[in-house]
Amino acid sequence: VQLQASGGGLVQAGASLRLACTVSGGAFSTYSAAWFRQAPGKEREFVSFIRGRGGTTNYADSVKGRFTISRDNAKKTVYLQMDSLKPEDTAVYYCAASSTIILSSIPYPRNYAYWGQGTLVTVSS
């Protein structure tokens, strides 16, 4: 299973970006997927999650109401729509996937077997 993240860029505060993560290999519709981010000097942190079956979603409190995760199983792609961006959203964003994950494990990077290469999002004030 390989993941390819794209869509990052430099934007001003208040703007929007949409990230995409395309998955090759594996039975995509059965995989759960997540977005994490890592700012310079900080640990990788959970952003959002979408379950493979049923499409249940979860969000970090810091992005709830501003970010929306979705998936298109036909295109084998997971999206992260980011609205009302803030300078503190600046980070490298990574997509991740897992074939099996329980609710309590969702926010922890170690529980995801597959990772994309990351895409940089920079939000200027």
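Draft legend 1. Structural context of the environment of Y93. Position of Y93 relative to the elements: it lies in strand β9 (residues 91-98). A relative accessible area of 0% places Y93 in the buried class. C-alpha of Y93 to C-alpha of L3: the two residues are 90 residues apart in sequence and 13 Å apart in space. Apart from residues lying up to four places away in sequence, Y93 is in contact with L19, W35, F36, R37, V47, F67, L80, M82, G118, T119 and V121.

Draft legend 2. The arrangement of the packing of aromatic side chains in detail. Per the counting criterion, the structure on display carries six aromatic pairs. On the basis of an interplanar angle of 50° and a centroid distance of 5.2 Å, the ring pair of F36 and W115 is categorised as tilted. One end of the pair, F36, is in strand β4 (residues 32-38); the other, W115, is in strand β10 (residues 114-115), and 79 residues separate them in sequence. An aromatic cluster is built from F36, F46, Y94, Y112 and W115, whose rings are joined through pairwise contacts. The residue whose ring lies beneath R44 is W115, and the NZ or CZ to ring-centre distance is 4.9 Å. Lying over the aromatic face of Y108, R110 brings its terminal NZ or CZ to 5.0 Å of the ring centre.

Conventions and cut-offs
Residues numbered from 1 in each chain as written. Predicted model: local features only at pLDDT ≥ 70, side-chain atom pairs only at ≥ 80, totals over all residues. Heavy atoms only, no water. Helix = DSSP H or I, 4+ residues; strand = E, 2+ residues; numbered from the N terminus. Buried < 20%, exposed > 50% of the residue type's maximum accessible area, 1.4 Å probe, protein only. Contact = heavy atoms within 4.5 Å. Phe/Tyr/Trp six-rings, centres within 6.5 Å; stacked < 30°, edge-to-face > 60°. Lys NZ or Arg CZ within 6 Å of the ring centre and 35° of its normal.

Keep in mind these values describe shape, not function.
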